[in-house]
Amino acid sequence: MEVLYKSTRSGQEPVSASIAILKGLTEDGGLFVPDHIPALDKSLKELSVMSYQEIAYEVMKLYLTDFTEEELKSCIARAYDKKFDTDIIAPRTEAEGVFFLELFHGATIAFKDMALSILPHLLTASAKKNHIQNEIVILTATSGDTGKAALAGFAGVEGTRIVVFYPKNGVSPIQEKQMVTQKGDNTFVVGIHGNFDDAQTGVKKIFSDRRLAAEMAKQGFQFSSANSINIGRLVPQIVYYVYAYARLLAEGKIKEGQRINVVVPTGNFGNILAAFYARNMGLPIGRLVCASNENKVLYDFFRTGVYDRNREFVLTSSPSMDILISSNLERLIYHMAGDDPEQNARLMAALSGQGRYEITEQMRAGLQDFYGGYATEAETADTIRRIYGSCGYVIDTHTAVAASVYGKYARETGDRTPAIIASTASPFKFTRSVMNAIDHKYDSMTDFELVDELSRIANVAVPAAIEEIRSAPVLHDNICEVDEMPDMVKRFLKL
Ligand SMILES: *Cc1c(COP(=O)(O)O)cnc(C)c1O
């Protein structure tokens with residue numbers, strides 16, 4: 001059955017999956033949502049003998065219904081290949097009786113690779129289907145992880161170019177080095193004098209500049225977005241939950257139909273929303289545990305029904321979760337309102353006006369499968385040290401937030417359902433915080449000394465993504481003021 005994509009904010013005409021991927025955002029400023037959540041049409045037993053690529057097809061074909069089998073399988077084959085350092089794409093490690101689902105074995109060693117390795121292919125296939133001749137120019141503002149994953153995904157992809165703006169003094173040295181050493185003639189990286197919000201606002205301004213758009217069209221270009229609200233990023237994320245369940249079943253860790261709980265370190269609410277969709281497709285998931293760091297807007301929301309961003313922004317050791325507006329939560333709100341765009345639009349207007357909204361009792365009742373928790377900086381560090389001490393397994397700071405929250409959940413509820421923790425980054429990406437959590441004696445080491453020491457104590461080879469940047473030449477040294485961002489884009493496109 002065909003799935004069409006509606007807006008979370010109005011009754012505008014639904015569009016096909018490929019159009020939703022090309023557009024990214026709806027015209028009324030809302031997000032695209034499927035008009036119904038399709039059910040899995042293979043049994044869990046059938047899925048349990050499939051590879052990651054095969055399960056990706058079984059899940060994605062149900063959502064991207066205007067793609068042919070050949071198109072979709074070709075996108076999948078080109079995305080989940082040797083860029084991943086393991087054939088099984090998303091391996092699992094058991095520690096302290098919990099399953100860590102490692103989503104960081106792709107090109108940039110963060111879970112963003114799971115979706116950003118396939119998005120470029122989905123986007124070019126969508127352009128072809130809709131007879132778009134223009135070259136697609138991806139504009140991205142990043143606070144670190146998304147930028148590199150998007151660059152790696154789009155580098156060398158025919159018919160696309162990518163421009164990434166990052167805050168010059170707002171990313172970690174490893175993150176900056178990863179970006180400025182990016183190869184590929186179709187890539188362009190610019191540091192701005194400003195913070196992430198300035199970069200984001202600047203990009204949005206470029207998107208809505210009609211004169212620039214007209215100039216671009218004349219030269220055969222059009223903009224698109226690799227942002228996490230694109231449905232082309234959400235759908236590929238559903239795959240690994242189904243795959244994780246299938247592997248547990250295949251290996252006899254669970255029985256067919258047995259429920260599992262899922263624990264997700266959350267920022268923009270994309271990853272956990274994918275788990276929610278998986279559950280609604282019929283995957284036996286019990287609780288969805290939403291883990292936050294000290295920016296605990298979501299914890300407060302699940303506890304009180306009030307979403308309130310009016311608070312201090314805290315910089316933590318899990319920066320990819322330092323966020324006060326979780327964009328993808330809008331999709332859940334819309335579903336909890338009974339797929340009612342008007343009710344959702346009112347709440348979103350309150351969020352942009354007063355920075356706060358409150359959902360109804362009836363909507364809250366729909367959220368009982370979610371459990372919100374948060375971990376302080378000290379709890380996060382303690383969790384890294386404890387798990388390393390008990391199992392010799394080193395986890396990154398984001399994953400540690402989730403492991404800490406899961407500990408609280410299990411103690412509070414006594415729920416012993418088998419649990420999967422989404423492990424979203426390699427510890428090598430946040431080496432300093434991770435090593436400091438294990439022992440303060442590491443304080444004085446340089447970044448790359450820490451990398452080698454982590455490799456030694458964890459008995460894990462240094463990932464290629466880190467090895468590569470040790471000696472890689474800087475290929476991008478562009479820096480600009482915020483108001484020069486449009487000029488930088490023009491320069492890159494030779495307009
Ligand atoms: C992006 C990111 C997250 C948050 O994921 P959302 O889908 O935005 O909730 C968590 N951990 C890491 C390492 C990330 O890069």
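For the structure, check the block above.
### Considering the overall build of the chain
- Along the backbone of the chain there are 22 helices and 15 strands.
- In terms of overall dimensions, the chain is globule-like: its C-alpha atoms have a radius of gyration of 22 Å, near the 23 Å expected for 495 residues.
- By its C-alpha atoms, the chain is 60 × 55 × 45 Å across when sized along the principal axes.
- Residues classed as buried in the chain amount to 57% of the 495 residues present.
- Here the analysis covers contacts within the chain between residues at least 6 apart in sequence; of these, 74% occur between residues at least 24 apart.
- Side chains of the chain carry 52 positive and 62 negative charges; the gap between the two charge centres is 1 Å.

### Topic: the sheet that holds strand E9 (residues 260-265)
- Strands sit in the order E3-E4-E14-E9-E10-E13 across an open sheet of six strands; the sheet is mixed. What marks the edges here is a single partner per strand, and that holds for strand E3 (92-95) and strand E13 (370-374). Neighbour-to-neighbour, the strand axes of this sheet turn through a mean angle of 25°, independent of strand direction.
- Across the sheet, helix H11 (residues 231-250) is in contact with E3, strand E4 (98-102), E9 and strand E14 (419-423); its angle to E9 comes to roughly 140°.

### Side note on the site of the ligand
- Lys112, Gly267, Asn268, Asn271 and Thr424 are the nearest of the 15 residues found near the ligand.
- One nitrogen or oxygen atom from the side chain of Lys112 is found 2.6 Å from an oxygen atom belonging to the ligand.
- Relative to its unbound accessible area of 380 Å², the ligand is 96% covered by the protein chains.
- Looking at side-chain class alone, the shell around the ligand contains five nonpolar, eight polar and two charged residues.

### Some details on helix H18 (residues 397-413)
- In this model H18 runs 24 Å from its N-terminal to its C-terminal C-alpha over 17 residues, within 8% of the 24 Å that 1.5 Å per residue would give.
- In terms of burial, H18 is largely enclosed, as 13 of its 17 residues are buried.
- Just past H18, the residue Gly414 takes up positive phi, approximately 70°.

### Examining helix H20 (residues 447-458)
- Compared with the 16 Å implied by 1.5 Å per residue over 12 residues, the 16 Å span of H20 between its first and last C-alpha is a close match.
- Those residues of H20 not exposed but buried are Leu450, Val451, Glu453, Leu454, Ser455, Ile457 and Ala458.
- Looking at the packing, one finds that the buried side of H20 touches helix H8 (173-180), helix H17 (377-391), helix H19 (431-438) and helix H21 (464-470).
- Asn459 sits one or two positions beyond H20 and adopts a positive phi of about 60°.

### Thoughts on the sheet that holds strand E7 (residues 187-193)
- With parallel pairing, the five strands of this open sheet are ordered in space as E8-E5-E6-E7-E15. The strands lining the two open edges of the sheet, one partner per strand, are strand E8 (221-225) and strand E15 (478-481). With strand direction ignored, the average angle separating the axes of adjacent strands in the sheet is 30°.
- Relative to E15, E7 is paired through four bridges, and the arrangement is parallel.

### A look at the pattern of salt bridges
- Applying the stated criterion across every chain yields a total of 28 salt bridges.
- Here Glu176 and Lys168 are joined by a salt bridge, their closest N and O atoms 2.7 Å apart.
- With a shortest N-O distance of 3.0 Å, Glu251 and Arg247 are connected by a salt bridge.
- Overall, the relative accessible area of 26% leaves Arg247 in the partly exposed class.
- Residues joined in a network through salt bridges with shared partners are Asp41, Lys42, Glu58 and Lys61.

### Looking at the packing of H19 against H20
- Interaxial distance between H19 and H20 falls to 10 Å at its minimum, and their mutual angle equals 55°. The pairing of H19 with H20 is recorded here as oblique in orientation. Helix-helix and strand crossings are classified by hand; for H19 and H20 the assignment is left-handed. Across the interface between the two elements, Thr431, Arg432, Met435 and Ile438 from H19 touch Asp447, Leu450, Val451, Glu453, Leu454 and Ile457 from H20.

### Overview of the side chain of Asn295
- Summarising the element assignment, Asn295 is placed in the loop between strand E10 (285-292) and helix H13 (297-304).
- Polar contacts involving the side chain of Asn295 include one to the side chain of Asp322, which spans 3.0 Å.
- Contacts of Asn295, omitting those with residues within four sequence positions, involve Glu312, Phe313, Val314, Thr316, Met321, Asp322, Ile323 and Leu324.

### Some thoughts on the nonpolar core
- Among the nonpolar cores identified, the biggest contains 111 residues, and Tyr5, Leu64, Tyr241, Phe269 and Tyr357 are the most heavily contacted of them.
- Broken down by element, the residue count for this core peaks at 14 residues, all from H11.
- Filtering out sequence-adjacent residues up to four positions away, Tyr5 remains in contact with Pro14, Val15, Ser16, Ala17, Ala20, Phe32, Val33, Pro34, Tyr63, Leu64 and Ile231.
- Listed in part, the 41 residues of the second largest apolar core include Ala95, Ile174, Met435 and Ile457.

Thresholds applied
Residues numbered from 1 in each chain as written. Predicted model: local features only at pLDDT ≥ 70, side-chain atom pairs only at ≥ 80, totals over all residues. Heavy atoms only, no water. Helix = DSSP H or I, 4+ residues; strand = E, 2+ residues; numbered from the N terminus. Rg over C-alpha atoms; globule rule 2.2 N^0.38 Å. Buried < 20%, exposed > 50% of the residue type's maximum accessible area, 1.4 Å probe, protein only. Contact = heavy atoms within 4.5 Å. Lys, Arg positive; Asp, Glu negative; His and termini not counted. Charge placed at Lys NZ, Arg CZ, Asp CG, Glu CD. Pairing = 2+ DSSP bridges. Axes fitted to C-alpha atoms, helices over the stretch in contact; angles between N-to-C directions. Near = heavy atom within 4 Å. Polar contact = N/O pair within 3.5 Å; in protein donor to acceptor, adjacent residues only side chain to side chain. Areas by Shrake-Rupley, 256 points an atom, 1.4 Å probe, with all protein chains shown as cover. Nonpolar A, V, L, I, M, F, W, Y, C, P; charged D, E, K, R; others polar. Expected span 1.5 Å × (residues − 1). Salt bridge = Lys/Arg side-chain N within 4 Å of Asp/Glu carboxyl O. Parallel < 35°, antiparallel > 145°, perpendicular 65-115°, else oblique. Left-handed = near helix turned anticlockwise from the far one by under 90°. Core = buried A, V, L, I, M, F, W, Y, C linked by side-chain atoms within 4.5 Å.

By themselves, these figures tell us nothing about what the structure is for.
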